[in-house]
Amino acid sequence: MNRKTFFKGLALGTISLPFIMRSCGGDPTAQSNLQSANTASSKKYKWKMVTTWPPNFSVLGEGAKLFSDWVKKMSAGRLEIEVYGGGELVPALDCFDAVRNNVADCASGAAYYWAGKVPAAQFFASIPFGMNAQQLNSWLYCGGGLELWEELYAPYNLIPMPGGNTGVQMGGWFNKEITEVADLEGLKMRMPGLGGKVLAKAGGTAVLLPGGELYTGLERGIIDATEWIGPYHDYKMGFHQIAKYYYTPGWHEPGTALELIFNKKKFEALPEDLQEIVRCAAERLNQWVLNEFDAQNAKYLELLKQESQLEIRSFPDDVMQELKKYTSEVIDDLANSDAMSRKIYDSYNSFKTKGKAWADLTERAYYEKVSI
Ligand code: CA
């Protein structure tokens, strides 16, 4: 189809849906399969979803329940998914094994929780100084990222789908100012994953504490600082009552993706229309989580400012440059850890480089101009 025909087709409304879908990685055969599947089966399925989140956890646990509701409504009750909070059916961090081994049918979590089993999974959650939510979604849905994620999880009998994004997180709560990178030396900070490795290279100590122990840990000096998510969840944790400085940006989590994982054999055993319903609900969840984070974080940032004396600070440029340098070393180690990590890193990095050039012209230029 040449350019002239394309525009003429648009004007007349004759560009077909399969063409539009194919242009962004969609399946051109899906529509015909749907038509046959709709009349194929009234069989009912009952699934279990386990989650890494505490029961009814704001946004993330709520999102898992919404996903279940949407699937039930769209399938007219043919697929019902019962959602379990972390620890209710299996321990929170056992979700990966629970789904691949048929203890549950699907799960809501984040790919970096499985870094110990599948190092490359971290590219599908968050990379320090990596892509933001918009760029990551673009890579996953339309840049080959999701195909690589599927390839990574296939040997584990799992199918992954993006299941939300936090947006750029905050840099964390501190009781002393960070004016130079030396201020990070000896700092005991709750900082999981790759960010923790970067902090360690800067001379700090990454401390792993469960969410429920963070407040008392910070209050009693077991840790000097902690990151969590953003104003909404941080407000509920009460960190503003015991920490003076709230730092930005969350260089360590610039747009953390959440994931849905499905038992591959169970998913492939569904009729094609139910598979498409699950995919549609997952994509709706992916967008809803980001929307909800942005809406609630903006609201709770105002509350934090009204109800506490906290001082919001930005990490100095030279501190960010040093952390970025250490991040390159950490990501190189990850990319060199196995063949899939290298393959995924190459795709991620290539997409990020092109995305930056485009974002510099548009998103960045817009923010810089409107903040003048
Ligand atoms: Ca975090």
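These figures come from a predicted structure and were not determined experimentally. Sequence order as written defines the numbering, with residues in each chain counted from 1. Per-residue local features are limited, in this predicted model, to residues with pLDDT of at least 70; the limit for side-chain atom pairs, both in listing and counting, is 80 or more; totals at the level of whole chains, interfaces and linings are taken over all residues. Working from all heavy atoms in the structure, the side-chain values ignore hydrogens and water.

Q: Tell me about the packing of aromatic side chains, residues and numbers included.
A: When the centres of two rings from Phe, Tyr and Trp lie within 6.5 Å, Trp using its six-membered ring, the rings pair. Their planes under 30 degrees apart give stacked, over 60 give edge-to-face, and anything left gives tilted. In total, this model carries 24 aromatic pairs according to the counting rule given. Measuring from centroid to centroid gives 5.7 Å for Phe129 and Trp251, while their planes differ by 25°, and the two rings are stacked. With a gap of 122 residues between them, Phe129 in the loop between β3 (106–109) and α6 (133–142) and Trp251 in the loop between β9 (245–248) and β10 (257–263) connect regions that are remote in the sequence. Buried means the residue's accessible area, taken with a 1.4 Å probe over protein chains only, is under 20% of the maximum for its type, while exposed means over 50%, and partly exposed covers the values in between. Note on Phe129: relative accessible area 18%, which makes it buried. Taken together, a centroid distance of 5.1 Å and an interplanar angle of 75° make the contact between Phe174 and Tyr247 edge-to-face. Residue Phe174 is found in strand β5 (residues 172–174), and its partner Tyr247 is found in strand β9; the two are separated by 73 residues along the sequence. Since its relative accessible area comes to 1%, Tyr247 is described here as buried. In this structure, Lys325 is placed above the aromatic ring of Tyr326, and the distance from its NZ or CZ to the ring centre is 5.3 Å. Think of it this way: any DSSP run of H or I at least four residues long counts as a helix, any run of E at least two long counts as a strand, and we number them from the N terminus. Two limits define a charge over a ring: the Lys NZ or Arg CZ must be within 6 Å of the ring centre, and within 35 degrees of the ring normal.

Q: Tell me about the packing of helix α8 (residues 193–201) against helix α13 (residues 317–335), and name the residues and values.
A: Packing of α8 against α13 leaves a shortest axis separation of 9 Å and a crossing angle of 125°. What the angle tells us is that α8 and α13 run oblique. Between α8 and α13 lies a crossing of right-handed hand. Contact residues: Leu194, Lys197, Val198 and Lys201 in α8; Leu323, Tyr326, Thr327, Glu329, Val330, Ile331 and Leu334 in α13. Throughout, the ten residues Ala, Val, Leu, Ile, Met, Phe, Trp, Tyr, Cys and Pro are labelled nonpolar, Asp, Glu, Lys and Arg are labelled charged, and all others, Gly among them, are labelled polar. Broken down by class, the residue content of the contact of α8 with α13 amounts to seven nonpolar, one polar and three charged. To get an axis, fit a line to the C-alpha atoms, keeping to the stretch in contact for a helix; angles then go from 0 to 180 degrees between the N-to-C directions. Just so you know how the angles are binned, under 35 degrees is roughly parallel, over 145 roughly antiparallel, 65 to 115 roughly perpendicular, and the rest oblique. Helix crossings fall into two classes, left-handed where the near helix is turned counterclockwise from the far one by less than a right angle and right-handed where it is turned clockwise. Only heavy atoms matter for contacts: two residues are in contact if any of them lie within 4.5 Å across the pair.

Q: Please give an account of the layout of surface pockets that cites residues and values.
A: Both cavities and pockets are sets of points on a 1 Å grid over the protein atoms alone; in a cavity a 1.4 Å probe fits but cannot get out, in a pocket the set is open with protein on both sides within 12 Å along at least five of seven lines, and lining residues sit with an atom within 4 Å of a point. Grid points are joined across faces, edges and corners, and a volume is the space filled by probe spheres set on the points. Of the voids in this model, the largest pocket is the one considered here, and its volume is about 1,700 Å³. Together, 42 residues line the largest pocket, and Gly130, Asn132, Gln135, Val168 and Pro254 are the ones closest to its centre. Broken down by secondary-structure element, the contributors of at least two residues to the lining of the largest pocket are α6, α12 (272–307), α13 and α14 (339–370). It is α14 that contributes the most residues to the lining of the largest pocket, 13 residues altogether. Classifying every residue of the lining of the largest pocket by side-chain character gives 19 nonpolar, 14 polar and nine charged. Approximately 1,100 Å³ is the volume attributed to the second largest pocket. Lining the second largest pocket are 39 residues; nearest its centre among them are Leu93, Tyr112, Tyr113, Arg190 and Pro192. Counting residues per element, the lining of the second largest pocket draws most heavily on α8, at four residues.

Q: With reference to specific residues and values, describe the side chain of Gln275.
A: One can find Gln275 in helix α12. Classification of Gln275 by relative accessible area gives buried; the value is 15%. In this structure the side chain of Gln275 is engaged in a polar contact, spanning 3.1 Å, whose partner is the backbone oxygen of Leu270. Polar contacts here mean pairs of N or O atoms no more than 3.5 Å apart (in protein, one a potential hydrogen donor and the other a potential acceptor; neighbouring residues in sequence count only if both atoms are side-chain atoms).

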